Amino acid sequence: QVQLVESGGGLVQAGGSLRLSCAASEGTLRMYAMGWFRQAPGKEREFVAQIRWNSGITGYTDSVKGRFTISKDNAKNTVYLQMNSLKPEDTAVYYCAVRIAGSGSFDTWGQGTQVTVSS
C-alpha cells in the first residue's frame, strides 16, 4: 500500500506563501489522482485541490482558486501545493491523499501537516 509523507507546513502571516509537499513511498502505476484536503478546528475535512496523475488535469475548491496551485513531479512520486496570498481562514491541518485507479474515492491518507496563518 502506498504511504504518503507530507512536509512544508508552518506559521505564516496573512498574505504570505507556503509550499506543501507530499511524497509517495512507492511507484504510482495504479495511481489515478493525488489531492489535498484540509481540516480546520471544529470543522469537517474539506477538499482543496486534486491533480490527475497521468493527464495533469487539476481541480480546486472555489475558495482557493487563483491563490493555490497543485503540481506534481512524476519522477519523484511527489505532489505539491503552492499556497499564495494566504488568509487566516486557510488555517488547518492539510492532508495529502491518493485515489487509486478503479476506486471511487481518495482512500490513502498522509499524517497531515499544520498550516497556521496569522492575521
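Our structure is the block above this text.
These notes cover the structure that comes with them. This one's a predicted model, so the numbers in the text were calculated from it and none came from an experiment. (Residues numbered from 1 in each chain as written. Predicted model: local features only at pLDDT ≥ 70, side-chain atom pairs only at ≥ 80, totals over all residues. Heavy atoms only, no water.)

**Looking at the overall build of the protein chain**
(1) Moving on: Within the protein chain one finds zero helices and eleven strands.
(2) Moving on: Its helices and strands taken in sequence order, the protein chain reads β-β-β-β-β-β-β-β-β-β-β from the N to the C terminus.
(3) Moving on: A compact globule built from 119 residues should have a C-alpha radius of gyration of about 14 Å, and the protein chain, at 13 Å, falls within 12% of that.
(4) Moving on: Expressed as a percentage of the 119 residues in the protein chain, the buried residues total 45%.
(5) Moving on: For the protein chain, the accessible area works out to roughly 6,100 Å², and carbon and sulfur atoms hold 46% of it.
(6) Moving on: Within the protein chain, the 9 negative side-chain charges are centred at a point lying 5 Å from the centre of the 12 positive side-chain charges. (Helix = DSSP H or I, 4+ residues; strand = E, 2+ residues; numbered from the N terminus. Rg over C-alpha atoms; globule rule 2.2 N^0.38 Å. Buried < 20%, exposed > 50% of the residue type's maximum accessible area, 1.4 Å probe, protein only. Areas by Shrake-Rupley, 256 points an atom, 1.4 Å probe, with all protein chains shown as cover. Lys, Arg positive; Asp, Glu negative; His and termini not counted. Charge placed at Lys NZ, Arg CZ, Asp CG, Glu CD.)

**Comments concerning the pairing of strand β7 (residues 68–73)**
(1) Moving on: In terms of strand pairing, β7 meets strand β8 (residues 78–83) through six bridges, oriented antiparallel. Residue Thr 69 lies in a different strand from β8, and its bridge partner there is Gln 82.
(2) Moving on: Remark: four residues form the turn of the hairpin made by β7 and β8, two consecutive strands paired antiparallel; Asn 77 in that turn has positive phi of roughly 50°. (Pairing = 2+ DSSP bridges.)

**Quick notes on the environment of Trp 53**
(1) Moving on: With respect to the helices and strands, the residue Trp 53 is situated in the loop between β5 (46–52) and β6 (58–60).
(2) Moving on: Residues Trp 53 and Gly 112 lie 59 residues apart in sequence; the distance between their C-alpha atoms is 21 Å.

**Points about the sheet that holds β7**
(1) Moving on: One open sheet accounts for four strands, arranged β1-β3-β8-β7; its pairing is antiparallel. Across the chains shown, the open sheet's two edge strands, defined by having one partner strand only, are β1 (4–7) and β7. Across the sheet, the mean angle from the axis of one strand to that of its neighbour is 15°, orientation sign disregarded.
(2) Moving on: Pairing geometry for strand β3 (residues 18–24) and β8, over six bridges, is antiparallel. Looking at the pairing, Leu 20 lines up with Leu 81 of β8. (Axes fitted to C-alpha atoms, helices over the stretch in contact; angles between N-to-C directions.)

Such coordinate-based values are descriptive only and should not be taken to indicate function.
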